[in-house]
Amino acid sequence: MSEINLIRVPAPTPTPFLLPYFSCLVPAGFPSPANDHVEVGGLFDLNRLLLRHPDATYLVRVSGESMAGAEIHAGDLLAVDKHLEADHNHVVVAVVEGEVTVKRLVRKGQIWWLMPENPAYSPYEITDPDGLRIWGVVTHVVHELVPGKLHALLHTRE
């Protein structure tokens, strides 16, 4: 099972975190010469995206690669909502036999599984629902593209 490092964050502030939002789509293929002029579509509150239920949301960092197929990698930051009810195909943070893990919750017939997204790891059949605790549904993944910045930022908060 993957180890997850819990991050203590202060209670969410009601102050919006507004960022400019560009209304055009950015091509991930060849650049479009028609997009020389880009308009700002307004301001977007990032808190509304990441913190749908602010009082029930926390952040965790991931270690291990069991969820690599879902683009969740070691060092990524997950936003986890405890208010959402976990259901089939949700990625969840769970405690199984005292170990914290992030896996996809899958139902096959009457049987529930915690499924990794990496063939090098084995699925976990939930045979004892009382031995499983769901700590929340993963709603967003922050995947760092500039190595070390997230790690440095989180360590300056401690």
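Here goes a summary of the coordinates provided. (Residues numbered from 1 in each chain as written. Predicted model: local features only at pLDDT ≥ 70, side-chain atom pairs only at ≥ 80, totals over all residues. Heavy atoms only, no water.)

**Overview of the pattern of salt bridges**
Scanning the model with the defined rule gives one salt bridge in all. Note that Arg104 and Glu117 form a salt bridge whose closest N and O atoms lie 2.5 Å from each other. You can see Arg104 sitting in strand β7 (residues 99–108) and its partner Glu117 sitting in the loop between β8 (111–115) and β9 (124–125), a full 13 residues away along the chain. In this structure Glu117 comes out as partly exposed when scored by relative accessible area, which is 24%. (Salt bridge = Lys/Arg side-chain N within 4 Å of Asp/Glu carboxyl O. Helix = DSSP H or I, 4+ residues; strand = E, 2+ residues; numbered from the N terminus. Buried < 20%, exposed > 50% of the residue type's maximum accessible area, 1.4 Å probe, protein only.)

**Regarding unusual backbone geometry**
Even without being a glycine, Glu71 presents a positive backbone phi close to 60 degrees. Tracing the chain through its elements places Glu71 in the loop between β4 (57–62) and β5 (77–81). In this structure, Glu97 takes a positive phi of about 50 degrees despite not being glycine. Classification of Glu97 by relative accessible area gives exposed; the value is 65%.

**Observations regarding the packing of aromatic side chains**
By the definition in use, this model includes zero aromatic pairs. If you follow Lys108 out to its NZ or CZ, it ends over the ring of Trp113, 5.9 Å from the centre. (Phe/Tyr/Trp six-rings, centres within 6.5 Å; stacked < 30°, edge-to-face > 60°. Lys NZ or Arg CZ within 6 Å of the ring centre and 35° of its normal.)

**Here we look at the pairing of β5**
The buried count for β5 comes to five of five residues, which makes it a mostly enclosed element. Of the two faces of β5, the one lined by Leu77, Ala79 and Asp81 and the one lined by Leu78 and Val80 are each fully buried. Across five bridges, the pairing between β4 and β5 is antiparallel. Paired with Thr57 across the two strands is Asp81, which belongs to β5. Alignment of β5 against strand β10 (residues 132–142), held across five bridges, turns out to be antiparallel. (Pairing = 2+ DSSP bridges.)

**A closer look at the nonpolar core**
In this structure, Ile72, Leu78, Val80, Val91, Val93, Val102 and Val138 are the most contacted members of the largest nonpolar core, which totals 13 residues. Among the elements of the structure, β4, β5, β6 (91–96) and β7 are those that each provide at least two residues to this core. Those residues in contact with Ile72 that lie beyond four places of it in its chain are Val62, Glu65, Met67, Leu78, Val91 and Val141. By size, the runner-up hydrophobic cluster in this structure holds eight residues, among which are Leu105, Leu114, Leu132 and Val137. (Core = buried A, V, L, I, M, F, W, Y, C linked by side-chain atoms within 4.5 Å. Contact = heavy atoms within 4.5 Å.)

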